[in-house]
Amino acid sequence: MNFDTALPLLVVASSLLPGLVIFFLREDSHRLRTLLNLAGAGVKVVLVGVMIWGVFHQHSYQTSWSLAPGLELVLHADTLSVLFVSLSTVLWLVTTVYAIGYLEKSPHRSRFFGFFSLCVSATIGLALAGNLFTFVIFYELLTLATYPLVAHRGTPEALRGARIYLAYTLGGGALLLVGAVWLQVIAGPTAFIEGGVLSQLPAEYHGQLKVIFLLLMIGLGVKAALVPLHGWLPQAMVAPAPVSALLHAVAVVKAGAFGIVRVVYDVYGVNFTSELGLLAGLGIAAAITIVYGSMKALSQDNLKKRLAYSTVSQVSYIALGTAILGPVGTIGGIVHLVHQGIMKITLFFAAGNYAETLGIHKVSEMNGVGQRMPATTLAFSIAALGMIGIPPVAGFISKWYLGLGAIEAGVAGWVMPVLIISSLLNAAYFLPVLYRAWFCQPGPAWPAEHIPAARYETAGALLWPPVVTAGLALAAGLFAAAPYSPLEWADLIARREYGL
Amino acid sequence: MAETLIWLVAVPLAGAVAALLLPRQSTPIVSVTAVAASLVAGTLLYAVSEQGRLSYEIGGWSAGLGISLRADGLSALLLMMTALVALATSVYAAAYFNKAADRARFWPLWLLLWTSLNALLLSGDLFNLYVTLELLGLSAVALASLGGKTAAVQAALRYLLVGLLGSMMFLAGVSLIYAGYGTLDLSTLAGVVAAEPVAWTALALMTAGLLLKTALFPLHFWLPPAHASAPAPVSAVLSALVVKAAFYLVLRLWLDVFADLVTPAAANVLGILGAGAIIWGSWRALRTERLKVLAAYSTVAQLGYLFLFFPLLQALPPGPARDSAVGGLVILALTHGFAKAGLFLAIGIIQQRCGHDNIRELDGTAQRLPATTFAIALGGVALIGLPPSGAFLGKWQLIAASFATGQWLWILVTIAGSLLAAAYVFRVLGHAFGHQPYPQRPVTMAREEWPALILTAMAVLGLGLAGAPVWDLMEIGA
Amino acid sequence: MLTAHWLYVMTGCLIVALGLRTALLHTLLLHRLIGINVMGAGVFLVLITVAYRGPGLAPDPVPHALVLTGIVVAVSATALALALARRLTAEQDHG
């Protein structure tokens, strides 16, 4: 086994092995646990850096292992997987720091960080999956690894939220499995190849391929929170803030969206999907989700729930980009995968900070918080502006490309209104929050001031992550034309997909 | 290498006799025997994978007059599973029975059970199968009645009567075969048997008897009480191995010996009964209040999955698709064996800790025994059929075979069964999250928790990740 | 001769059926046990009949061996059943 065949496995192992060890640590061994977490994250960053460089220069990194005849576990690094892997790696590092601070005095930390690492490993494995079979395996592993995180607090609400989460995701997983098996029976082992392989099947299979597509989309749509399969997401907000941050920015929701991108581009091929008339359906589902999510977000007073519905809406931009035929639309969808992740995690970090420091859970309690916690609120504001689509934050770039792509593909008629309406709605539910935070006077006392004002507004481990990710969101927008930026990378993916 | 076949029967038998005669040294005797038997099973597996089918004539008498022992890929795999499960459970049982008198009563019967399992899996003719089947039933009943309480004895008695009925029907079938064909040797019969009334009646009788013993819906009524009242190590072996032995016989008869007789209608009957088992068993598991009853009904359901394969195998022509499906069936059976055994052992630990196995009152105990709870979680993952367990691979093959043959109904049943299994597994696991303090060390009762963990890990990781050789071994046919 | 052969076999099957009926339909343990034993007797009759190879020829020893083994097995099983039944009655008397 040489380096090229081992690298994908090593990237997965860099979070899996520390996680397994952490399970067996004594509850009070803080330093060792922190060391393992950060060491694993650090090693992963280095390995992923190597991987990025290698894939850019057309190296092939692939690990494969036969589980049964015709069923091969394949981890393969191509341009799309590297995009998702780097997002997961960077955000994992930041979230680990945040979680260490957030769970300072909580019980069951060994169990938490153990499953946390397993969750990241499953996400990385999913990102690196080289065929549909491997993808399905890691998709289900992700469900298993995230359930204990959602149920972590052990309260009746947490258990109820976890149960609902499980019902949705296991149901979706079952449909995904059936679709994947069916596809393999018809078309043989479905490796992820740019441009897809299914267009070569004879025409009598087209009916079955359409049904399979529907099954796969429903299965993936549950995790990607496509309406009406999104019901689990607001319920899962009972989890601690680091979990919400990870689930919404990186792991679960992105996994579903990533799966949709993979199926359309690398299994069916975007041109073939369009020929079968399936892109239109996907686009409609995405559009409905975008508008519905934004509308529900307007009516939420609970900050995390508002952010949850915002996620429902924003992740569907990725599906929308996938449904727009043409490289520009593709770029818009794929780059939003990264941008939305960075921006959303900032928002959730900030929300967690408000809750941990001042006991704020509702928007109505946020009056004047900008004076008390300026750095956090600045980070929140940058991310919120990005969500609305205001330059130079990264979100603007995604929306620009989506709009351009829609015009090029000739579907601007219904895509542009969706983009405009959703941006307006985003403004409608984010701007009032910013107004309250910066321009209103605070009430007599905060709901529950856990961390008193000292030299910094809150604990270091809670403060720096959102500042860093807000900076990244700004940088992704300002330096979008730089080499190795998310936009450049999405451009590379699109060119390889369309054969340009 | 063919001598391993007779050693596999002789070692546990010798151990049983020794344990009976020397009760005070019975535990060390059992330890030595268990390790030795496992080593022999491993040797056999290796020998079969290298040399193909093995056979051994006892006493040198040729087939027809003498007893012949045969081993192919399927029996070697099941023998290995038997050995590993029995070894782990022996370690567990040594700690479970803390009174020496209990242990002295337990060990001889335990080794006798192991002997009969090995002998059954190795038998090469129908009558020997009958004898070993009876021996298996008797030792299983005796072990099940060791629970002591009235409920246990009643359940054991019912189990015995059902078992005797089944064996008698099996014997009736065997006698008809001899009347019709004059031979009882399995490989000879495979060539000679034809689709005529004698063969049909015989197969029907034998199958009916075996279905009683393998507790296929609706003949499953005896299983939940018996498995739920028996001591934990006994329940583990009953669910994991004993019912599997009867299933193995159905498999042998339908796929090997009487393969030409099987009609689509007959195979569909088995499939429909299997579907009923899955739905009914999973539903009852979801509704029960006791962990052991949940595990017992789960066995009923999981055996149903195995029977779903019959209509599919009947419809698939010989070729790679059929071989993949057969391998899927075997890996599903193996995974269930390991997972269910580990699950029962873990439940036994909980029962010993707090005196009961009520699901609603699980909170404190589940959180204070993280290793046990993790074993239950792993076993549950294998029962649901989630990756990376071997059951996931088996279910994939099941669904693939359904698509390949166009028999869609089984897919719906499989998915429904998996979702129901998820419901009853996570109902139990929800109790692992609560407010009890996390103990300092995760493994608290080493001799009992490690066997449970290892068995369930075999099901989930061992067979899931390293299960490809199962398909290679199944190529070595009888 | 063939007619006598088939008569014995049919009788054996009839006995098996009667035993089965008792085992299934009666509720008393002892009756069921006897029913199973009767089934066994029927099966043994069939086996012994099958041993006949023709006038003047020695009978086939294999079915004889099968019957002897079968009797031993049936007796052991019945003994276990009776022992369990006695334990059950003792438990029920004490409880």
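Quick caveat, the model's predicted, so the values are computed rather than measured.

Student: What exactly am I supposed to notice about the overall build of chain A here?
Tutor: When helices and strands are tallied, chain A shows 20 helices and two strands. Whereas a compact globule of 500 residues would reach a radius of gyration of roughly 23 Å, chain A reaches 21 Å, a difference of no more than 12%. Across its three principal axes, chain A shows a C-alpha extent of roughly 70 × 55 × 45 Å. Looking at chain A residue by residue over its 500 residues, the buried ones come to 62%. Look at the contacts in chain A between residues 6 or more apart in sequence, and 81% of them connect residues 24 or more apart.

Student: Explanation requested: the interface of chain C and chain B in the structure shown.
Tutor: A common way to state how big an interface is: give the accessible area lost once the parts meet. Contacts between chain C and chain B engage 27 residues on the former and 22 residues on the latter. Looking at the side of chain C that touches chain B, the elements that each hand over two or more residues are helix H1 (2-25), helix H2 (29-50) and helix H3 (61-94) of chain C. Broken down by element, the side of chain C that touches chain B gets its largest block of residues, 15 residues, from H3(C). When grouped by side-chain class, the residues that make up the side of chain C that touches chain B number 18 nonpolar, six polar and three charged.

Student: Is there a simple way to think about the interface of chain B and chain A in this case?
Tutor: Counting residues at the interface gives 32 residues for chain B and 32 residues for chain A. Secondary-structure elements contributing two or more residues to the side of chain B that touches chain A are helix H13 (320-354), helix H16 (390-405), helix H17 (409-429) and helix H19 (468-474) of chain B. The residue makeup of the side of chain B that touches chain A, split by class, is 23 nonpolar, eight polar and one charged.

Student: In this structure, what is going on with helix H6 (residues 150-181) of chain B? I would like to understand it.
Tutor: The periodicity of an α-helix, 3.6 residues per turn, causes residues three or four places apart in sequence to face the same way. Residue and element names in this part refer to chain B. The first and last C-alpha atoms of H6 sit 46 Å apart over 32 residues, in line with the 46 Å expected at 1.5 Å per residue. Buried residues dominate H6, accounting for 25 of its 32 residues. Of the residues one or two after H6, Gly182 is the one with positive phi, at around 70°.

Student: For this particular structure, what's the right way to read the packing of helix H5 (residues 126-144) of chain B against H3(C)?
Tutor: A packed helix pair is summarised by two numbers, namely the angle formed by the two axes and the spacing between the axes. The contact between H5(B) and H3(C) brings their axes to 11 Å, and the two run at 10°. Considered as vectors, H5(B) and H3(C) are oriented roughly parallel to each other. Contacts between H5(B) and H3(C) pair B:Phe127, B:Val131, B:Glu134, B:Leu138, B:Val141 and B:Ala142 from the former with C:Leu66, C:Thr69, C:Val73, C:Ser76, C:Ala77 and C:Leu80 from the latter. When grouped by side-chain class, the residues that make up the contact of H5(B) with H3(C) number nine nonpolar, two polar and one charged.

Student: Explain the pairing of strand S2 (residues 71-77) of chain A to me, please; I cannot follow it from the model alone.
Tutor: If a strand is regular, its side chains alternate between the two faces of the sheet. Residue and element names in this part refer to chain A. The buried fraction of S2 amounts to five of the seven residues, a majority that puts the element mostly inside the structure. The pairing of strand S1 (residues 61-68) with S2 spans seven bridges and is antiparallel. Following the sheet pairing, Ser64 is matched in S2 by Val74. Remark: two residues form the turn of the hairpin made by S1 and S2, two consecutive strands paired antiparallel; Gly70 in that turn has positive phi of roughly 85°.

Student: Just to check I follow, could you spell out the environment of A:Leu36 for this structure?
Tutor: One can find A:Leu36 in helix H2 (residues 30-56). In contact with A:Leu36, other than residues within four places in its own chain, are A:Pro18, A:Val21 and A:Ile22.

Student: Looking at this structure, I do not really get the nonpolar core. What am I missing?
Tutor: In globular proteins that are soluble, nonpolar side chains generally tend to be buried together. Of all hydrophobic cores here, the largest spans 422 residues; its most connected members are A:Cys119, A:Leu142, A:Ala473, B:Val85, B:Ala144, B:Ala156 and B:Val237. Ranked by residues supplied to this core, first place goes to H6(B) with 20 residues. Setting aside chain neighbours within four positions, we find B:Val85 in contact with B:Val237, B:Ala240, B:Leu241, B:Gly337, B:Phe338, B:Ala341 and B:Leu455.

Student: I keep staring at helix H18 (residues 446-466) of chain B and nothing clicks. Help me out?
Tutor: Compared with the 30 Å implied by 1.5 Å per residue over 21 residues, the 26 Å span of H18(B) between its first and last C-alpha is markedly short. B:Met458 marks where H18(B) bends most, by close to 40°.

Student: Mind showing me how you'd approach the pairing of strand S1 (residues 54-57) of chain B here?
Tutor: All names here are of chain B. A one-sided burial pattern is seen for S1, the buried positions being Leu54 and Tyr56 and the unburied ones Ser55 and Glu57. Bridging between S1 and strand S2 (residues 68-71) involves four bridges; their strand directions are antiparallel. Bridging across to S2, Ser55 finds its partner in Arg70.

Student: Would you explain the confidence of the model for chain C in this entry?
Tutor: Do not read the fine detail of predicted coordinates wherever pLDDT is low. Residue and element names in this part refer to chain C. Per-residue confidence for chain C gives a mean pLDDT of 89, with 97% of residues at or over 70. Across chain C, the secondary-structure element scoring lowest on mean pLDDT is H1, at 89, and the one scoring highest is H2, at 92. Quick note on the complex model: pTM equals 0.92, ipTM equals 0.92.

Definitions and limits used
Residues numbered from 1 in each chain as written. Chains lettered and ligands numbered in written order. Predicted model: local features only at pLDDT ≥ 70, side-chain atom pairs only at ≥ 80, totals over all residues. Helix = DSSP H or I, 4+ residues; strand = E, 2+ residues; numbered from the N terminus. Rg over C-alpha atoms; globule rule 2.2 N^0.38 Å. Buried ≥ 20, exposed ≤ 12 C-beta atoms within 10 Å, placed from the backbone. Contact = placed C-beta atoms within 7 Å. Nonpolar A, V, L, I, M, F, W, Y, C, P; charged D, E, K, R; others polar. Expected span 1.5 Å × (residues − 1). Axes fitted to C-alpha atoms, helices over the stretch in contact; angles between N-to-C directions. Parallel < 35°, antiparallel > 145°, perpendicular 65-115°, else oblique. Pairing = 2+ DSSP bridges. Core = buried A, V, L, I, M, F, W, Y, C linked by C-beta atoms within 7 Å. Bend = angle between axes of the 7 residues up to and from the residue. pLDDT = per-residue confidence, 0-100.

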